[in-house]
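Geometric and topological summary
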Amino acid sequence: MRQNKYASFPEDFLWGGAIAASQADGAYKKDGKKLNTSDVQPYLKGLSNEEIQQLEKQGMTLEEVKKNITDDTHYFPKRHGIDFYHTYEKDLELLAEMGFKTFRTSIDWSRVFPDGDETEPNENALSHYDKMIDKMKSLGIEPIITMLHYETPINITLEYGGWKNKAVIYMFERYGKVLLDRFGDRVKYWIVINQINMIQIEPFLSLAICRDQYENIEEAEYQAVLNQMIASAKIQAYAKTLNDDLQIGTMVADGTVYPYSCKPNDVVLAMQHNRMQYFFTDVQLRGEYPEYAINYFKENNIQLDFTKDELELLKNNTMDYLAISYYFSQMVDSTRNLNKADSTTPNPNLEASPWGWNVDPQGLYNSLSQYWDRYQKPIVIAENGLGMYDELENGKVHDDYRISYLKDHIEQIGRAIYDGADVIAYCAWGPIDIVSCSSQQMSKRYGFIYVDLDDEGNGSGRRIKKDSFDWYKQVISTNGSEI
């Protein structure tokens, strides 16, 4: 441990961690659940990490989705997760042992409304989540609940063409109202949609759209995210009628970039790229479509379908706080990159993880500062962590590399708070090992707790504390003054 020179965390700071139902729960045939977008992603053995990530960006065809629904030759890891659906009580007790003040997880839309378009919710699912939330509260853990974390019912892809269809707005609004009515007395903090800006990085998971469903795929993506924003505003409007204490947030994956050099073309491209990342939060936190985004749509043949009433809804129902995920930083080079979210260049000045993610603690300080300066709204760090290949040796996992990564990032959070940013929570990603979102791997591990399962689901499922478990416990107990 070392002293944190930026030990600026408020006394009520929420230390904790985050997972997603789609990566942890499993039990895909239990209590009336049906398949969602995450459940149809197979583990493809033998591919390199680069090949896996390229497939993720590419998305799936409609035929591939249909084939995967009935495929009995491949293993689909997210259908099984770590069986958190059944083990949540003991797993939450382990997190409480670390001193967790908060825990972020999601409710699976495809459990509550298995096809998405039902008029009545699945009571079995609601009863399960009642028990999970009550368990958190009994342990003194503040729930942060995500309404949608890549769990759109697959029926919405097949029958409605994904989130581009405006009918999905009303389905999701119904779902969101059910959650607020049922759990709003115990859950204060809500994130409506996970990483709403990932439309060009994880288009299928984010929007439930197949890459061959629309001729102008970029137009379909931006229409779909507009529909998600409208649905979020409708849920915010409803929350205001229920309880003034409810906090409804939006979430983005930090996609801001540095210029590759001080050449004016690089600096301007970085500025343009960052504006199109801020576009999502500009709409949801400021309430208006900015002129630069309107120009981008014109220049790229993107025509969006919206009404004056919908624009007014966005204006009057901005989100209460901003949640971000941060893992690494990127750059843009005007000689190699375009003004597209997925067109970036690795930073040669930084070391990378085995998945090519450049480790940059100061990038977190930079991003938090920029978000705070721009919006002046509370910030939740909804995800941050280091995915690595952990080795279980003689019943122990020595993950000094993870401790080092988290030390440096937590210090930079304190630095941002010291400079005035209102950061209210820190949720380390995957505090207990779960299936990787981007690669479907179990071997890409983030946790303080090792789960004895491999990429194909083999293993005992036993939970084993890593060295980082005791380290993070000490960080929490000292409120970040020792790291």
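Nothing here was measured: the structure is a model prediction, and the numbers come from that model. (Residues numbered from 1 in each chain as written. Predicted model: local features only at pLDDT ≥ 70, side-chain atom pairs only at ≥ 80, totals over all residues. Heavy atoms only, no water.)

1. Focus on unusual backbone geometry
We apply this condition: Helix and strand assignments follow DSSP, with helices taken as H or I runs no shorter than four residues and strands as E runs no shorter than two, numbered in order from the N terminus. Only protein chains enter the calculation, and the probe is 1.4 Å; a residue is then buried if its accessible area is under 20% of its type maximum, exposed if over 50%, and partly exposed in between.
The phi angle at Asp31 is positive, at roughly 55°, despite the residue not being glycine. Turning to its location among the elements, Asp31 is positioned in the loop between α1 (21–24) and α2 (49–58). Look at Asp83: it is not a glycine, yet its phi comes out positive at around 60°. Here Asp83 lies in the loop between α3 (62–70) and α4 (84–97). Residue classification places Asp83 among the partly exposed residues on the basis of a relative accessible area of 29%.

2. Considering the nonpolar core
Note the threshold: The nonpolar core is taken to be a set of buried Ala, Val, Leu, Ile, Met, Phe, Trp, Tyr and Cys residues, with the residues joined through side-chain atoms within 4.5 Å.
Formed by 134 residues in total, the largest nonpolar core has its most connected members in Phe172, Tyr222, Phe279 and Tyr472. A per-element tally of this core places helix α10 (residues 217–242) first, with 11 residues. Counting residues in hydrophobic clusters, the runner-up holds 7 residues, among them Val65, Ile154, Phe204 and Cys210.

3. Concerning the pairing of strand β5 (residues 247–253)
On a regular strand, each side chain points to the face opposite its neighbour's, so the side chains alternate between the two faces of the sheet. Using the following cut-off: For two strands to be treated as a pair, DSSP must find no fewer than two bridges joining them.
Within β5, 6 of the 7 residues are buried, leaving the element largely enclosed by the surrounding structure. Inspection of the sheet shows strand β4 (residues 189–193) paired to β5 by 3 bridges, in the parallel sense. Counterpart to Ile191 in the pairing with β5 is Gly249. Note that β5 and strand β7 (residues 321–325) share 5 bridges and pair parallel. Bridge pairing links Met251 to Ala323 in β7.

4. Side note on the environment of Phe469
Formally: Between two residues, a contact is recorded if the distance between any of their heavy atoms is within 4.5 Å.
Structurally, Phe469 is set in helix α16 (residues 467–477). Note on Phe469: relative accessible area 0%, which makes it buried. With 22 residues separating them along the chain, Phe469 and Gly447 place their C-alpha atoms 8.5 Å apart. Residues in contact with Phe469, not counting those within four places in the same chain, are Leu94, Glu97, Met98, Phe448 and Ile449.

5. Considering the packing of aromatic side chains
Here is the rule: Here the aromatic set is Phe, Tyr and Trp, taking the six-membered ring for Trp, and pairing holds for ring centres within 6.5 Å; pairs whose planes are under 30 degrees apart are stacked, those over 60 apart are edge-to-face, and all others are tilted. Two conditions define a charge located above a ring, namely a distance within 6 Å from the ring centre to NZ of Lys or CZ of Arg, and an angle within 35 degrees of the ring normal.
Counted under the stated rule, the structure contains 30 aromatic pairs. Relative to Phe297, the ring of Tyr289 lies with its centre 6.2 Å away and its plane at 50°, an arrangement referred to as tilted. Of the residues examined, Tyr289 reaches a relative accessible area of 17% and is grouped as buried. Given the relative accessible area of 5%, Phe297 is considered buried. Cation over ring: Arg79 sits above Tyr28, and NZ or CZ is 5.5 Å from the ring centre.

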